[in-house]
Every structure is written in structure tokens, then in C-alpha cells.
Amino acid sequence: MTKITAAITAVGGYVPETKLTNFDLEKMVDTNDEWIRSRTGISERSILKEPGKGSSDMAVPAIEEILRKKNLDPKEIDCIICATVTPDMVFPATANIIADKIGATNAWGYDLSAACSGFLFALSTGAMYIESGRYKKVLVVGVDKMSAIVDYTDRTTCIIFGDGAGAVLLEPSTDGLGIQDSILRSDGSGRHYLHMKAGGSVKPATAETVAAREHFAYQEGQAVFKFAVKGMADVSAELLERNNLTGDDIAWLVPHQANLRIIDATANRMGLAKEKVMINIQKYGNTTAATLPLCLWDWENQLNKGDKIVLAAFGGGFTWGATLLTWAY
Ligand code: UT7
């Protein structure tokens, strides 16, 4: 029997029009453009400003772009996996809301929570549904409205995050294209460094938790930075090694966009020239689960069938990993 692999056959993306620049942030907290750019590489990020709009409102246009490009009837979609830490609401899953909004009435789906590694974990999960032969069209979307959980009085975290959505369509390939290998990791002992203190079952929302600003993302930046540099570089190097590849064989590195210094460290460890590294952190900031598909979206026209691509991420949990794929179109 011919082996089925899971190929990305279309990409869509969406970023809100409203921009929050470093100069805007200078007026909100004690920071400056020079510090933000030199420490993170970020100049501006997009913010979903309209009241009453949530993550699904960014995921829907990203997916609709895919439906248009592929001339697909939404009823053909089998499954939607939505990677997010900023769901529209605690339940039901944002994937269900997205399915309703796009008319994917034959699809089942769920949300996957792995913070900045969410898209990578969801991609791997979706790929297995395709590889099994059970499903033919799986949508994987990474979306986060970080502005909903960012404390704009905390200068150490508010400067890095932005809002956005990216999505890919996975379909079967019998030519060996698509997802080749993944190394995925998690370590819950890292939860103390990056999390939301209240609003879950351990500490439900009260007037006190709101007053103590515990419903925002809390991050110990330096600690996360150290784990991220090592975690992302280690798995990326391990992935190359176990597939007998070197940096020369790789057309593109698609790294999570959290900090330019973490991206540089990963690329150096893989022996990759800077021209092969997708970097759009300057205009979007860290959009959590959306960073990887937004890179694919921005670079789609430069990708060629057969290109070997490594995607790598690190995030809250801790969660991290790397995936090797062969571009299919
Ligand atoms: O995506 C999910 C995973 N997240 C990450 O990967 C993020 C990892 N962490 C980071 O990217 C960095 O740690 C940050 C960008 C968050 C912070 O950069 P840093 O180089 O680690 O700064 P720091 O926390 O070590 O602070 C250095 C100095 C401190 O001042 P002193 O103590 O040296 O006087 C901070 O108070 O910079 C100060 N500082 C700022 N100054 C101006 C912290 N934030 C700011 C700011 N503007 N926004």
C-alpha cells in the first residue's frame, strides 16, 4: 500500500489593521523604541481593537482565504484544530465557533492549548489524522488575541505581544510530500515562569483576582528566554541530525517569533545563513500560536515544491518542538 503523508496545500492569514507601535507604547509605559527594537527586534504589532471581536474573528478570514484559493466548499472540511490560549470563551471550543461561522457543517474539531508551540503541536496532530487515511481535509489554525490578556501596565511583557491568525490546509500526498518528522516536548515544571495566575479551576475569577491583575499573562522574561534559546536550538539540531541533514539541505527555517535573539541562536546552531530564516517579528510582534503560519503566509510566494523546511517553537508550559516538512506546491 502507498504511504500517505500529510501535505500543506494552502495557507491563509489575517492580521488586524490597527497597529500598536513602539512609539505608542512609549506613551503607555516607561519604555522606548530603541530598547524594544534592540532587545526583541519588534517595531510594531497588530491589535484587534473592535469591541465584541475575538480570536474566531481573526481565524475566519484566514481560513476563508484558503477556501477561496482552493475553491473549496466548507462542507468538504473534515476537521478543524484551533491552537490558541485566547479562545473566544472558556467553552465551547473556538474551533466549533469557527466551523459555524464558515459553514463547515460536516467538520468536527477542538482547541489545542500549547501556547506558542500550539500551531506546531496542532500541525503534528492534524498530520496524523491525514496519515491514518481517515480524513482528507484538515484545517489547522493558530490564532491569538494576546491584547485580551496582556497587561498594558507591565512594560516587560506588553511590548512583545500582538494579535493575529494563520491557517493551513492539510491534505494527503502519495508522493511523500509534507510533514516528514517532528520532535515535540513539554515540561510542566516550567509553568511558573509563564502563565495566567487566575481564571482557571485552581483560582476562579473573583473581585480580588481582578484587582490583583491576575487575569493577564504573567512572564518571567529572563528565565523563559534562557529555556527558549536552549530548547528551540536543541530540538532543531536534533531533528536535522536524526534525518541526516545539515543546514545546507534546509531551504527555510520558520522560527517562533518571540525574540530576534532567540531566532538568531537557533539559526546559528543549525548552521543556517540568515537569508534562509523567516523573520517578520518587526511588524507583528509575538502572536503566540499564529507566528509560524503567519511566516508561511508572508513567504508563500517564495516557497518551491520540494523545499525542505524546519518549523521550530518554544512557549508556555513549557512546550517546544521542531517539525521537518517538504513543501508540496
Ligand atoms: O513566546 C513565548 C515565550 N516567550 C519568550 O520567548 C520571551 C522570552 N523573553 C524575552 O524575550 C526577554 O526576556 C524580554 C524581551 C521579555 C525582556 O528582555 P531582557 O533582555 O530579558 O530584559 P530583562 O528582563 O533582563 O531586563 C533588563 C533591563 C531591566 O533593568 P535593570 O534591572 O537592568 O535596570 C529591566 O527593568 O531592562 C529593563 N526593562 C525595560 N526597559 C525599557 C524591562 N522591560 C523594559 C522595557 N523598556 N519595556
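Computed from a prediction, not measured in an experiment: that's the story for all the values here.

### A short note on the overall build of the protein chain
No. 1: Within the protein chain, the regular secondary structure consists of 11 helices and 13 strands.
No. 2: Relative to the compact-globule value of 20 Å for 329 residues, the protein chain shows a C-alpha radius of gyration of 19 Å, a close match.
No. 3: Principal axes of the C-alpha set define a box for the protein chain whose edges measure 60 × 45 × 35 Å.
No. 4: Across the 329 residues in the protein chain, those meeting the buried criterion constitute 56%.
No. 5: Across the protein chain, the fraction of contacts at a sequence separation of at least 24, relative to all contacts at a separation of at least 6, is 76%.
No. 6: Here the protein chain displays about 14,200 Å² of accessible surface, and carbon together with sulfur accounts for 52% of that area.
No. 7: Looking at the protein chain, you have 33 positive and 39 negative side-chain charges, and the mean spots of the two groups are 2 Å apart.

### A few points about the nonpolar core
No. 1: Judged by nonpolar contacts, the single largest core of 41 residues is most densely connected at Ile250, Leu253, Val310 and Phe314.
No. 2: Elements supplying a minimum of two residues to this core: α8 (221–242), α9 (260–269), β12 (308–315) and β13 (319–326).
No. 3: Sorting elements by how many residues they give to this core places α8 first, with 6 residues.
No. 4: When residues of this core are assigned to domains, at least three map to each of domain 1 (5–176) and domain 2 (180–326).
No. 5: The contacts of isoleucine 250, once residues within four sequence positions are left out, are Leu240, Leu245, Leu272, Lys276, Lys308, Val310 and Leu324.
No. 6: Membership of the second largest hydrophobic core comes to 35 residues, among which are Ala83, Ala127, Ile130 and Leu311.

### Quick notes on the site of the ligand
No. 1: Lining the immediate environment of the ligand, one finds 22 residues, of which Thr31, Arg39, Gln222, Asn259 and Asn286 sit closest.
No. 2: Take tryptophan 35: an N or O atom from its side chain is 3.4 Å from an oxygen atom of the ligand.
No. 3: Protein contact buries 76% of the 960 Å² of open area that the ligand shows by itself.
No. 4: Using a 2 Å cut-off from the grid points, one finds that the ligand occupies the second largest pocket.
No. 5: Where the shell around the ligand is concerned, the elements lending two or more residues are α2 (33–40), α6 (155–158), α8 and α9.
No. 6: Tallying contributions element by element places α8 first for the shell around the ligand, with 4 residues.
No. 7: For the shell around the ligand, the residue count by class is 9 nonpolar, 9 polar and 4 charged.

### Regarding the pattern of salt bridges
No. 1: Tallying each qualifying case throughout the model produces 15 salt bridges.
No. 2: A salt bridge links lysine 69 to glutamate 65, with the nearest nitrogen and oxygen atoms 2.9 Å apart. Taken as a pair, lysine 69 and glutamate 65 lie in helix α3 (residues 55–70) at a separation of 4 residues, close to a single helical turn.
No. 3: Overall, lysine 69 belongs to the partly exposed group, its relative accessible area being 39%.
No. 4: For glutamate 65, a relative accessible area of 14% corresponds to the buried category.
No. 5: Between lysine 70 and glutamate 171 there is a salt bridge; the shortest N-O distance is 3.6 Å. A residue pair is termed long-range when its members are at least 10 positions apart, and lysine 70 in helix α3 and glutamate 171 in strand β7 (residues 163–173) qualify at 101 residues.
No. 6: Residue lysine 70 is classed as partly exposed on the basis of its relative accessible area, which comes to 33%.
No. 7: Exposure remark for glutamate 171: the relative accessible area of 13% places this residue in the buried category.
No. 8: Through salt bridges with shared partners, a single network forms among Glu65, Lys69 and Glu300.

### So, the layout of surface pockets
No. 1: Considering only enclosed or pocket space, the largest pocket measures out at about 920 Å³ in volume.
No. 2: Counting residues per element, the ones that place at least two in the lining of the largest pocket are α3 and β9 (194–196).
No. 3: The dominant element in the lining of the largest pocket, judged by the number of residues it contributes, is β9, at 3 residues.
No. 4: Along the lines of polarity and charge, the residues of the lining of the largest pocket split into 15 nonpolar, 13 polar and 7 charged.
No. 5: When we break the lining of the largest pocket down by domain, the ones giving at least three residues each are domain 1 (5–176) and domain 2 (180–326).

### What about the sheet that holds strand β8 (residues 178–186)?
No. 1: One open sheet holds the 4 strands; their spatial order is β8-β13-β12-β11, and the pairing between them is mixed. The two strands at the open ends of the sheet, each matched to only one other strand, are β8 and β11 (252–255). On average, each strand axis in the sheet is inclined to that of its neighbour by 15°, with strand direction left out of account.
No. 2: Note that β8 and β13 share 8 bridges and pair antiparallel. For isoleucine 183, the partnering residue across the bridge sits in β13 and is alanine 322.

### A few points about helix α4 (residues 94–102)
Each α-helix winds once per 3.6 residues, and so residues spaced three or four apart point in a common direction.
No. 1: Thr94, Ala95, Ile97, Ile98, Ala99 and Ile102 are the residues of α4 that are buried.
No. 2: Buried-residue contacts for α4 involve α3, β4 (79–83), β5 (108–112) and β6 (138–145).
No. 3: One or two residues past the end of α4 sits glycine 103, with phi positive at roughly 80°.

Conventions adopted
- Residues numbered from 1 in each chain as written.
- Predicted model: local features only at pLDDT ≥ 70, side-chain atom pairs only at ≥ 80, totals over all residues.
- Heavy atoms only, no water.
- Helix = DSSP H or I, 4+ residues; strand = E, 2+ residues; numbered from the N terminus.
- Rg over C-alpha atoms; globule rule 2.2 N^0.38 Å.
- Buried < 20%, exposed > 50% of the residue type's maximum accessible area, 1.4 Å probe, protein only.
- Contact = heavy atoms within 4.5 Å.
- Areas by Shrake-Rupley, 256 points an atom, 1.4 Å probe, with all protein chains shown as cover.
- Lys, Arg positive; Asp, Glu negative; His and termini not counted.
- Charge placed at Lys NZ, Arg CZ, Asp CG, Glu CD.
- Core = buried A, V, L, I, M, F, W, Y, C linked by side-chain atoms within 4.5 Å.
- Domains from an automatic or database assignment.
- Near = heavy atom within 4 Å.
- Polar contact = N/O pair within 3.5 Å; in protein donor to acceptor, adjacent residues only side chain to side chain.
- 1 Å grid on protein atoms, 1.4 Å probe; cavity = no way out; pocket = protein on both sides within 12 Å on 5 of 7 lines; lining within 4 Å.
- Sits in = over half its atoms within 2 Å of the grid points.
- Nonpolar A, V, L, I, M, F, W, Y, C, P; charged D, E, K, R; others polar.
- Salt bridge = Lys/Arg side-chain N within 4 Å of Asp/Glu carboxyl O.
- Points joined across faces, edges and corners; volume = space filled by probe spheres on them.
- Pairing = 2+ DSSP bridges.
- Axes fitted to C-alpha atoms, helices over the stretch in contact; angles between N-to-C directions.

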